[in-house]
Amino acid sequence: MNGARLDWAEISDQLDEEGHALLPGWLGAEAARGLAEQMAALGAVRVPLAASGLGSGDLFCFEAGLPAPLDAWRTSLYPHLAAIANRWNHTLGVEARYPPTFTDFLRRTRQAGQTRGQSHLSRLGVDDHLLLHQRNEGEQVFPLQLVALLSEPDVDFEGGEFVTTEQRPRMQSRPAVLPLKLGDVALIATDERPVQGSRGPYRVRLKHAIGRVRRGERVGLELSFHDVR
């Protein structure tokens, strides 16, 4: 799972154009199923979605620190995503810049008092769903995150589509369904990103959700780069 081997020029173009970039098969079916089967063993804390008002089903949150494989992915991907994030800030006229390594960024979040991890696995059964939301809490927010599908559509479950919506100024929101399959990964905007308009760049805000599962069980992963208080 080496981030350096990805086509970052293509990923950057997709993120600029759509607010998400698909990485088909990047995780792989075997690794995806392995993560899904190890939810309890990975030390995640079960949090019912109903308790947060974000839907129904269960999240398995890595509040005390990520398992080694997930931590390695985040460290490997971060420098490439930070370059995109810094370019976005420059386009939007935001002075803040993200440091070149994930260790430096993690130190910055710790100094801001953000020590509780929000990365998680999700397990959604029949009629479960995740409402539109953003992972943008805290003083230090990284504008990109990773999502992955750990079960197979039309085999393990039906429904459960991964959905994004973009809120654009003075326009209707634009929805999109990401066609994730078992082992696929997507990089998505956490909140704001720049879009080039006829009068220059403007901000759009992205939210994401998971549609209602109609049959079976859907297991997914959300990997965030910033922690929360």
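Asks: When you look at the overall build of the chain in this model, what are you seeing that I'm missing?
Replies: Of the regular secondary structure elements, the chain holds five helices and 15 strands. Whereas a compact globule of 229 residues would reach a radius of gyration of roughly 17 Å, the chain reaches 17 Å, a difference of no more than 12%. The C-alpha extent of the chain, read off along each of the three principal axes, is 45 × 40 × 35 Å. Out of the 229 residues in the chain, the part that is buried amounts to 51%.

Asks: Please clarify how the nonpolar core should be interpreted in this entry.
Replies: Within soluble globular proteins, side chains that are nonpolar generally end up buried alongside one another. Counting 44 residues, the largest nonpolar core has Leu-81, Phe-142, Leu-146 and Leu-150 as the members making the most contacts within it. Looking at this core, the elements that each hand over two or more residues are α1 (8–18), β1 (20–23), α2 (29–37), α4 (68–92), α5 (102–111), β7 (144–149), β11 (185–189) and β15 (218–223). It is α4 that contributes the most residues to this core, nine residues altogether. Leaving out residues up to four positions away in the same chain, Leu-81 has contacts with Trp-8, Phe-142, Leu-144, Leu-187 and Phe-225. The next biggest cluster of nonpolar side chains, apart from the first, holds 15 residues, and it includes Leu-49, Leu-59, Leu-149 and Ile-210.

Asks: Would you mind going over the packing of aromatic side chains with me for this structure?
Replies: Here a ring pair, both rings aromatic, is described through the centre-centre distance and the interplanar angle of the planes. Per the counting criterion, the structure on display carries 11 aromatic pairs. By the ring-pair criterion, three or more aromatic residues cluster together here, those being Tyr-78, Tyr-98, Phe-102, Phe-105, Phe-142 and Phe-225.

Asks: I keep staring at the layout of surface pockets and nothing clicks. Help me out?
Replies: It is the rolling of a water-molecule-sized probe over the atoms that shows where space remains empty. For the largest pocket, the calculated volume is near 360 Å³. Considering the residues around the largest pocket, the lining is formed by 18 residues, among which Asn-89, Val-94, Tyr-98, Val-141 and Pro-143 are closest to the centre. Every element with two or more residues in the lining of the largest pocket is listed here: α4 and β12 (192–197). It is α4 that contributes the most residues to the lining of the largest pocket, three residues altogether. The class makeup of the residues in the lining of the largest pocket is eight nonpolar, three polar and seven charged. In this structure, the second largest pocket spans a volume of roughly 270 Å³. Lining the second largest pocket we find 17 residues, and of these Leu-59, Cys-61, Arg-116, Arg-135 and Glu-137 sit closest to its centre.

Asks: What should I look at first to understand unusual backbone geometry in this one?
Replies: Residues other than glycine predominantly adopt negative phi, and peptide bonds predominantly adopt the trans conformation. Unusually for a residue other than glycine, Asp-127 sits at a positive phi of about 75°. If you trace the backbone, Asp-127 turns up in the loop between β5 (120–124) and β6 (129–133). Taking relative accessible area as the criterion, Asp-127 reaches 45% and is therefore assigned partly exposed. Positive phi outside glycine occurs at Asp-154, with the angle close to 70°. Tracing the backbone shows Asp-154 in the loop between β7 and β8 (157–159).

Asks: Which parts of the structure should I look at to understand the side chain of Asp-184?
Replies: Within the secondary structure layout, Asp-184 lies in the loop between β10 (174–178) and β11. Of the side chains with opposite charge, Lys-181 lies nearest to the buried Asp-184, which makes no salt bridge, at 6.4 Å. A distance of 2.9 Å separates the side chain of Asp-184 from the backbone nitrogen of Lys-181, its partner in a polar contact. Other than its neighbours up to four places away in sequence, Asp-184 contacts Leu-23, Pro-24, Gly-25, Val-147, Ala-148, Leu-149 and Pro-179.

Criteria and thresholds
- The written sequence of each chain sets the order in which its residues are numbered from 1.
- Side-chain atom pairs in this predicted model are given and counted only at pLDDT of 80 or more, local residue features only at pLDDT of at least 70, and totals for whole chains, interfaces and linings cover all residues.
- Values reported for side chains reflect all heavy atoms of the structure, with hydrogen atoms and water molecules removed beforehand.
- Only runs of H or I of at least four residues qualify as helices and only runs of E of at least two qualify as strands under DSSP, and these elements are numbered from the N terminus.
- Note that the radius of gyration is over C-alpha atoms, with the globule rule given as 2.2 Å times the number of residues to the power 0.38.
- Buried residues are those whose accessible area, probed at 1.4 Å on protein chains only, stays under 20% of the maximum for their type, while exposed residues exceed 50% and partly exposed ones sit between those limits.
- To form a nonpolar core, buried Ala, Val, Leu, Ile, Met, Phe, Trp, Tyr and Cys residues must be joined to one another through side-chain atoms within 4.5 Å.
- Pairs of residues are marked as contacts when any of their non-hydrogen atoms sit within 4.5 Å.
- Here is the rule: rings of Phe, Tyr and Trp (six-membered ring for Trp) pair when centre to centre is within 6.5 Å. Planes less than 30 degrees apart are stacked, more than 60 are edge-to-face, and the remainder are tilted.
- As defined here, a cavity is a set of points on a 1 Å grid over the protein atoms alone where a 1.4 Å probe fits but cannot get out. A pocket is an open set with protein on both sides within 12 Å along at least five of seven lines, and residues line them when an atom is within 4 Å of a point.
- Grid points are joined across faces, edges and corners, and a volume is the space filled by probe spheres set on the points.
- Amino acid classes used here: Ala, Val, Leu, Ile, Met, Phe, Trp, Tyr, Cys and Pro are nonpolar; Asp, Glu, Lys and Arg are charged; the rest, including Gly, are polar.
- The charge count treats Lys and Arg as positive and Asp and Glu as negative. His and the chain ends do not count.
- We define a salt bridge as a side-chain nitrogen of Lys or Arg found within 4 Å of a carboxyl oxygen belonging to Asp or Glu.
- As used in this structure description, the phrase polar contact means that two N or O atoms lie within 3.5 Å; if the pair is within protein, one of them must be able to donate a hydrogen and the other to accept it, and residues adjacent in sequence are counted only when both atoms belong to side chains.

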